[in-house]
Amino acid sequence: MIGLISATAAGAAARDRLAAAWPDRTRVYEGPVGDAVRAAFAECEQLVCFLATGAVVRLVAPLLGDKATDPGVVCVDEGGRFAVSLVGGHGGGANELAGQVGELLGAVPVVTTATDAVGIPGLDTLGLPVEGDVAGVTRALLDGEPVALDADVPWPLPPLPFAGQGTHTVRLTDRADRPAGGEVLLRPPSLVVGVGASRGAPADEVLELVEAALRDAGLSPLSVAALATVDAKRDEPGIVTAAARLGVPVVTYPAEQLAKVEVPNPSDAPLGAVGTPSVAEAAALVCGGELLVPKRKSARADGHASMATCAVVRRPARGRLAVVGLGPGARDLLTPRATAELRRASVLVGLDQYVDQIRDLLRPGTRILESGLGAEEERARTAVAEARRGQAVALIGSGDAGVYAMASPALAEASDDIDVIGVPGVTAALAAGAILGAPLGHDHVSISLSDLHTPWEVIERRVRAAAEADIVVTFYNPRSRGRDWQLPKALAILAGHREPATPVGVVRNASRPDESSRLTTLASLDPATVDMMTVVTVGNTATREIAGRMVTPRGYRWQAPSVSGSATGIEEGAR
């Protein structure tokens, strides 16, 4: 919950805008400001104070305890010009909150955390439990001193400027080691603990068994990702409570699935009870990995029979591949999600000219693998291979990555051993459509005229089908020096089904500084004026030119220009 505190009418107005935008995330604190800050500090995860920073500093100073538990505090000035991350930039999420508040109120977010200022992710912001000399190692990174990465367990990390050797070290490990001087331990969620339990097994017994298994194997409980068991035990109180105390979820699998997993220690007891010869080992091994602790039973001081079993597996590291669409070229048409993925990736794979387009957005330490035109399949293979090595990879393409771009070759290479995230982008057809007016207002299709990957016979059949179906067509890759006959052929096919005066929009380098566009007709278009940087949109029989704009109606019938736009027959709906 975010506590909102203000002292003046102007502050209250901005406060109320936040409260209205985030009704489920915020709570307004009224009354004397000091009392309101103290109450919110005790009750909320974050605070937004519409007060001077000096006043907030004096109010929260006596309340500060530990940066790991203190709430994040953001200050907004009276004029609503700045949203200042004051306390808890990383641990309390104030840096991110300042950005969100700034976006909503039109204020400039002010973040002074050293790592954010130079574009290096903080070691305590990586989403992994962290131990050791965080401040000292962070200072070394900021000062450009060599900091080595020692990865006992591979895990996808954002880019950090690591060296081969150094006086400081970041160690990625699930071992229960204590950090040495000048060392930070990052705990990846690499361990899965399979658990079996009799009905009514006490939570203390389950928890003590799990903790003893980890301790005896020299493994850190901070690297436990989940407790895994059979579906029949998903609501077993002892397992559920033990997982809650460890701060991890319970994941369950059907008995039939567990019964197919080969285990070293099957048993008749669970087979009769829940339908599988193994629960603990099978549930831990179901996704593969290395069995570190075979099945062991709990020990009871009262001499009664054991009621719980567990096994521990180190699951395979899953790399992360984000396939990112960069949009048509303009920076303001690059989505925030795409920017976040570019900054999260430790490895970037892409066409050299697209890499140049976003190079300034990459964090220091990002490894760039770029290549020239015509190497799409090789880039896809490279990106997948890097992800399989446990890296966080971004594979970039123009427009939307799934439209004539890198998503399809990448996903053809990828299997279920890596996580794949698709990041949509604004396509060239959409960017050109916005420039032309509204040519895609009804059914439309995009067709690439390049026969490098698709036989012309197939392309021609698709163009003919679109012509016969009276669908608006956007042509990608319309003409190059080596392919100068395909566009005239496609236009001739359309001309057999549409009037010569059918509007045609031609847009080159949509959204880029040298953008150009023109509106012509099917009979007047000169294919020689078109190149590979151009998209050509041909209207259907209902498409019209209105006030210099290309418009295809949404309705089921065309409304004459003199008819009010509020006439019936216009369908509403989100697209």
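For the structure itself, look to the data block above.
Residue indices follow the written sequence of each chain, beginning from 1 at its first position. Note on the predicted model: pLDDT of at least 70 is required for a residue's local features to be given, and 80 or more for side-chain atom pairs to be given and counted; whole-chain, interface and lining totals, by contrast, use all residues. Each side-chain value is derived from all of the structure's non-hydrogen atoms; neither hydrogens nor water enter the calculation.

**Q** Just checking my understanding: could you explain the overall build of the protein chain for this structure?
**A** Each helix corresponds to a stretch of at least 4 residues labelled H or I by DSSP, and each strand to a stretch of at least 2 residues labelled E; elements are numbered beginning at the N terminus. Summing up its helical and strand segments, the protein chain has 18 helices and 28 strands in all. Dimensions along the principal axes, computed over C-alpha positions, put the protein chain at roughly 95 × 65 × 55 Å. Per-residue burial over the protein chain gives 46% buried out of 575 residues. Pairs at least 24 residues apart make up 63% of the contacts formed inside the protein chain by residues separated by at least 6 positions. Here, Shrake-Rupley sampling with a 1.4 Å probe gives the accessible areas, and only protein chains in the shown set may cover a residue. Carbon and sulfur atoms form 52% of the exposed surface of the protein chain, whose accessible area is close to 27,000 Å². Partly exposed describes any residue whose relative accessible area lies between the buried limit of under 20% and the exposed limit of over 50%, with all areas from a 1.4 Å probe on protein chains only and scaled to the type maximum. We call two residues contacting when some pair of their heavy atoms lies within 4.5 Å.

**Q** I'm lost on the pattern of salt bridges in this one. Help?
**A** Once the charged atoms of two side chains with opposite charge are near each other, the side chains can pair. When a carboxyl oxygen of Asp or Glu lies within 4 Å of a side-chain nitrogen of Lys or Arg, that pair is called a salt bridge. For the structure shown, the criterion picks out 27 salt bridges. R367 is the partner of E386 in a salt bridge, and the nearest nitrogen-oxygen pair spans 2.7 Å. One end of the pair, E386, is in helix α14 (residues 376-388); the other, R367, is in strand β18 (residues 367-371), and 19 residues separate them in sequence. In this structure E386 comes out as buried when scored by relative accessible area, which is 5%. On the accessibility criterion, R367 (37% relative accessible area) is partly exposed. A salt bridge links R389 to E386, with the nearest nitrogen and oxygen atoms 2.7 Å apart. Take R389: its relative accessible area is 52%, and that puts it in the exposed class.

**Q** Before we go on, may I ask you to explain the nonpolar core in this structure?
**A** Among soluble globular proteins, nonpolar side chains are generally buried collectively. Grouping buried Ala, Val, Leu, Ile, Met, Phe, Trp, Tyr and Cys residues that are joined through side-chain atoms within 4.5 Å yields what is termed a nonpolar core. With 24 residues, the main nonpolar core has V193, V195, L214, L227 and V312 as its most contacted residues. Of all the secondary-structure elements, those providing two or more residues to this core are β11 (191-197), α7 (203-217), β12 (224-230), α8 (237-246) and β15 (308-314). When residues no more than four places from it in sequence are discounted, the contact partners of L227 are V193, V195, I239, A242, A243, L246, V248, P249, V250 and V251. Membership of the second largest hydrophobic core comes to 21 residues, among which are A490, V506, V530 and V538.

**Q** What should I look at first to understand the packing of aromatic side chains in this one?
**A** The relative placement of two aromatic rings is captured by the distance of their centres and the angle of their planes. Aromatic rings from Phe, Tyr and Trp, with only the six-membered ring used for Trp, were paired whenever their centres fell within 6.5 Å, and each pair was classed as stacked if the ring planes differed by under 30 degrees, edge-to-face if by over 60, and tilted otherwise. Tallied over the full model, the rule gives 2 aromatic pairs. Measuring from centroid to centroid gives 4.8 Å for Y404 and Y476, while their planes differ by 55 degrees, and the two rings are tilted. Of the two residues, Y404 sits in the loop between β19 (392-397) and α15 (407-413) while Y476 sits in strand β23 (residues 472-476), which places them 72 residues apart along the sequence. Taken together, a centroid distance of 5.0 Å and an interplanar angle of 70 degrees make the contact between W456 and W485 edge-to-face. Highlighted residues: W456 in helix α17 (residues 456-468) and W485 in the loop between β23 and α18 (486-495), separated in sequence by 29 residues. The buried category is assigned to W456, whose relative accessible area is 10%. The ring of W22 carries R25 above its face, with NZ or CZ at 4.3 Å from the centroid. Only when the NZ atom of a Lys or the CZ atom of an Arg is both within 6 Å of the ring centre and within 35 degrees of the ring normal do we say a charge sits over the ring.

**Q** I tried to follow the sheet that holds strand β8 (residues 147-151) on my own but got confused; where do I start?
**A** Two orientations exist for strands paired in a sheet by backbone hydrogen bonds: parallel and antiparallel. Pairing between strands is defined by DSSP: at least two bridges between them are needed. Pairing is mixed in the open sheet, where 4 strands are placed in the order β7-β10-β9-β8. If you trace the sheet from one side to the other, it starts and ends with β7 (130-132) and β8, each paired once. For this sheet the average axis-to-axis angle between neighbouring strands, irrespective of direction, equals 20 degrees. In this structure, strand β9 (residues 168-172) lies alongside strand β10 (residues 183-186), joined through 4 bridges in parallel fashion. Bridge pairing in β10 links R171 to L185. Interaxial angle, 0 to 180 degrees, is taken between N-to-C directions of lines fitted to C-alpha atoms, where a helix line uses only the stretch in contact.

**Q** Is there a simple way to explain the pairing of strand β16 (residues 320-325) in this structure?
**A** On any regular strand, side chains alternate: one points to one face of the sheet, the next to the other face. Here β16 lies mainly inside the structure; 6 of its 6 residues are buried. Where β16 meets β19, 6 bridges bridge the pair, whose relative direction is parallel. In the strand pairing of β19, V323 is matched with L395. Pairing between β16 and strand β20 (residues 419-423): 5 bridges, direction parallel.

**Q** I keep staring at the packing of α7 against α8 and nothing clicks. Help me out?
**A** Two quantities define a packed helix pair, namely the angle between the helix axes and the distance between the axes. Two elements in contact, α7 and α8, have axes whose closest approach is 8 Å; the angle formed by their N-to-C orientations is 55 degrees. What the angle tells us is that α7 and α8 run oblique. Pair α7 / α8 crosses with right-handed handedness. From α7, A203, D204, V206, L207 and V210 reach across to α8, where they touch G238, T241, A242, R245 and L246. Put simply, Ala, Val, Leu, Ile, Met, Phe, Trp, Tyr, Cys and Pro go in the nonpolar bin, Asp, Glu, Lys and Arg in the charged bin, and everything else, Gly too, in the polar bin. Taken together, the residues of the contact of α7 with α8 sort by class into 6 nonpolar, 2 polar and 2 charged. Should an angle lie under 35 degrees it is considered roughly parallel, over 145 roughly antiparallel, and from 65 to 115 roughly perpendicular; all remaining angles are considered oblique. Here a crossing is taken to be left-handed if its near helix is turned anticlockwise relative to the far helix by less than a right angle, and right-handed if that turn runs clockwise.

**Q** Before we go on, may I ask you to explain α18 in this structure?
**A** In an α-helix, one turn spans 3.6 residues; hence positions three or four apart end up facing the same way. Listed in full, the buried residues belonging to α18 are Q486, L487, A490, L491, I493 and L494. Axial view of α18: buried residues confined to an arc of 155 degrees, hence all on one face. Next to the buried residues of α18 lie α17, β23 and β26 (534-538). Note: the arc covers the axis-to-C-beta directions of the helix.

**Q** Honestly, the sheet that holds β26 in this entry has me stumped. Any pointers?
**A** With respect to topology, 5 strands assemble into an open sheet ordered β22-β23-β26-β24-β25, the strand pairing being mixed. The strands lining the two open edges of the sheet, one partner per strand, are β22 (444-448) and β25 (516-521). Across this sheet, the average inter-strand angle for adjacent strands is 20 degrees, counted without regard to direction. Here 6 bridges tie strand β24 (residues 503-508) to β25, and the two strands are oriented antiparallel to one another. In the strand pairing of β25, G505 is matched with L519. In this fold helix α16 (residues 428-436) packs onto β22, β23, β24, β25 and β26, with an angle of close to 115 degrees to the strand it touches most, β24. Together, β23 and β26 form the strand contacts of α18, whose direction differs from that of β23 by roughly 175 degrees.

**Q** I tried to follow the side chain of S223 on my own but got confused; where do I start?
**A** Structurally, S223 can be placed in the loop between α7 and β12. With relative accessibility at 0%, the residue S223 sits in the buried group. Every residue in contact with S223, bar those within four places of it in the chain, is listed here: T173, D174, R187, P188, P189, S190 and L191.

**Q** How should the environment of P439 be read in this particular structure?
**A** Along the chain, P439 falls in the loop between β21 (437-438) and β22. Looking at P439, the relative accessible area reads 1%, which means it is buried. Along the primary structure P439 and T537 are separated by 98 residues, whereas in three dimensions their C-alpha atoms are 7.6 Å apart. Sequence-distant contacts of P439, defined by excluding residues within four places in its chain, comprise G433, V472, T537, M550 and T552.

**Q** Explanation requested: the pairing of strand β13 (residues 250-253) in the structure shown.
**A** As defined by bridge partners, β12 adjoins β13 across 4 bridges and the pair is classed as parallel. Opposite L227, over in β13, you have V250 as the bridge partner. Handedness rule for crossovers: strands pointing away from the viewer, path from the first strand over the helix to the second running clockwise, crossover right-handed. In terms of handedness, the path from β12 via α8 over to β13 forms a crossover that is right-handed.

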